[in-house]
Amino acid sequence: MKRPKLKKASKRVSCAKRYKIQKKVREHNRKLRKEAKKKGVSKRVKKDPGVPSSAPFKEEVLREAEERRLKIEEEKERRRQAKKEERAQKRKKEKEAASKETEPKAKKARQDENGMHSEKRTGPDKNSKQFLCGELNKVIDASDIVMEVLDARDPLGCRCPQLEEAVLQRGGNKKLVLVLSKIDLVPKENVERWIQCLQQEFPVVAFKASTQIRDKTVQAKKSRIVASNEVLDRSRGAACFGNSCLTELLTIYAANAESEASLRVGIVGFPNVGKSSLINSMKGILACNAGVKRGITKSMQEVHILKNVKLVDSPGVLAAPSNPPASMALRSLQVEEGQESVLEAVRTLLKQCDKTQIMLQYNVPDFRNSLEFLTLFAKKRGYLQKGGVANTEQAATAFLADWTGAKLSYYCKPPESKSLPAYLSDSVVAEMQKGWDLTKLKMGNEETLKGVKFPNQASSISFISKGPTAGLLSVSAITEEKPDVAATECEAVQNDEHEQVEEPNKTEELEKPQKASVKKKPNKVQFQSVPIDFSLSTAATGDAYDFNTDFK
């Protein structure tokens, strides 16, 4: 129960006391300010008001400021990590020195021997070019049939003359077959024309791999839900076309070979053309790792698909540095290895396409250069950094993934007049087509094209192919292929973001005077003198008003 007579103490004080307290506080603050001034302590830094909205080129200024801030943070982090590693190495050396002094001599000798053996056992670097070339050569040597997988969006650019020549020069009666993958991303008329063009050299198989292959454990868990699996199997991504035709061809060839050993089929090609996806679709489960990232497969891997047929997966063919920039952007691993920036790769690809088709495909307004396109594309996709600045790096990565992965629909026109390359002849073409049932192959390709849902030609991007891409198959070729890096960097700087995106139909003759005019920009503004005629005739018949027109 509340006690009525007890109340809280009041906080009210007399005015004299309150004024006295305020005076003491002012004196104390003044004393602190004087001491800080003597010590040289500056005032608190004012908050940066930022770039006003009315300022021109606000986005560029914010982007540059963000880049500077990130560089400073990276430098600080790098120094911090270096100091941390240095301290750890110092502590490690001190511990080792202390332990070695206390250990007996026999134990030291045993540890030295174990260290020598461990150094010998360390394997090679799987990311090195020498290792990847060696694995590719192993696949070619161990295979009876070599299947070169070509991206249907640019089949000519996915062909490697060095690889085909190496297969033809190897002994053992090896066969070379071309597999046209990702046909669901190309208009049907274009696929048919490419099959007719490539059939003049080697047998061609049209194939569309399934993009929703799961592991066995995942399939077992999902098998309880019947309804969702039925919808998944009927979807466009889960459907696989061309596997029955390819399986039947390999079975017939293995039966005609009359060999006790199983038939080995090597799957080769450039990175991200669909080699591992083809093997997974033929097997029906996730046997090989596959994804949008390029260069996932590092070594050869054998997969049994039939009793007497083995498929051998291989790492991607390394593109030679002497190739055109567009071919390197699509088929090399320079972006993944850090040798080339993603922004430079995007700028190169945009030059090979029609700007109007890019605007319609990505639903962005008109742009002047690749940096402006990436800014618009980042805002469209929601790739924003702190402060609403467009993340062009993330946008460039997504754009490049669309082009290298199985997402974007673009196509290249086949050459009108096709001639055999130097390493091929009519006898070699006849030998490569010998032993295959070409009528069944033609019927199988027709059935595959009937089942696939093709995109419309109006919704696809027209791309200019740069021809076959040169590849590296040996360590000696890696050392020989060294382009002029300084020249390429100078060209990239000259054609950087201030240059407008060129349309593919422009000729080189029109580009040369433009570059010359950019180089010959004067430092000062020069006015050209124009002769002025002060004769009486011009003054009489010039802009003088005739009063007789209105007042007569």
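Residues numbered from 1 in each chain as written. Predicted model: local features only at pLDDT ≥ 70, side-chain atom pairs only at ≥ 80, totals over all residues. Heavy atoms only, no water.

Participant: Now, about the overall build of the chain: what can you tell me, with residues and values included?
Facilitator: Along the chain, the regular secondary structure elements total 23 helices and 10 strands. Out of the 552 residues in the chain, the part that is buried amounts to 35%. Within the chain, residue pairs in contact and separated by at least 24 positions form 76% of the contacts whose partners lie at least 6 positions apart. (Helix = DSSP H or I, 4+ residues; strand = E, 2+ residues; numbered from the N terminus. Buried < 20%, exposed > 50% of the residue type's maximum accessible area, 1.4 Å probe, protein only. Contact = heavy atoms within 4.5 Å.)

Participant: Help me get a handle on the packing of aromatic side chains, residues and values and all.
Facilitator: Applying the stated rule across the entire model yields 13 aromatic pairs. The interplanar angle of 40 degrees and the centroid separation of 5.4 Å between the aromatic rings of Tyr362 and Phe399 together place this pair among those described as tilted. Of the two residues, Tyr362 sits in helix 15 (residues 355-362) while Phe399 sits in helix 17 (residues 392-404), which places them 37 residues apart along the sequence. Taking relative accessible area as the criterion, Phe399 reaches 0% and is therefore assigned buried. Through pairs of rings, three or more aromatic residues link up here, namely Tyr362, Phe367, Phe373, Phe377, Tyr383, Phe399, Trp403, Tyr410 and Phe463. (Phe/Tyr/Trp six-rings, centres within 6.5 Å; stacked < 30°, edge-to-face > 60°.)

Participant: For the packing of helix 14 (residues 342-351) against helix 16 (residues 370-381), give the residues involved together with the corresponding values.
Facilitator: Interhelical geometry of helix 14 versus helix 16 gives an angle of 105 degrees and a closest axis separation of 10 Å. Considered as vectors, helix 14 and helix 16 are oriented roughly perpendicular to each other. In this structure, helix 14 uses Leu343, Val346, Arg347 and Leu350 to contact helix 16, whose residues at the interface are Ser370, Phe373 and Leu374. Of the residues in the contact of helix 14 with helix 16, the class split is five nonpolar, one polar and one charged. (Axes fitted to C-alpha atoms, helices over the stretch in contact; angles between N-to-C directions. Parallel < 35°, antiparallel > 145°, perpendicular 65-115°, else oblique. Nonpolar A, V, L, I, M, F, W, Y, C, P; charged D, E, K, R; others polar.)

Participant: For the confidence of the model for the chain, give the residues involved together with the corresponding values.
Facilitator: Averaged over all residues, the pLDDT of the chain equals 78, while 75% of them reach at least 70. Predicted confidence is poor over residues 220-234, with pLDDT under 50, and the contacts of this stretch with residues over four places away or in other chains come to six contacts. The model gives residues 532-542 a pLDDT under 50, and that stretch makes two contacts with residues more than four places away or in other chains. (pLDDT = per-residue confidence, 0-100.)

Participant: Break down the side chain of Thr404 for me, citing the residues and quoting the values.
Facilitator: Following the sequence through the fold, Thr404 ends up in helix 17. A residue is classified by how much of its surface remains accessible, and Thr404, at 7% relative accessible area, is buried. Once residues lying within four places of it in the same chain are set aside, the contact partners of Thr404 are Arg153, Lys182, Asn272, Arg294 and Leu330.

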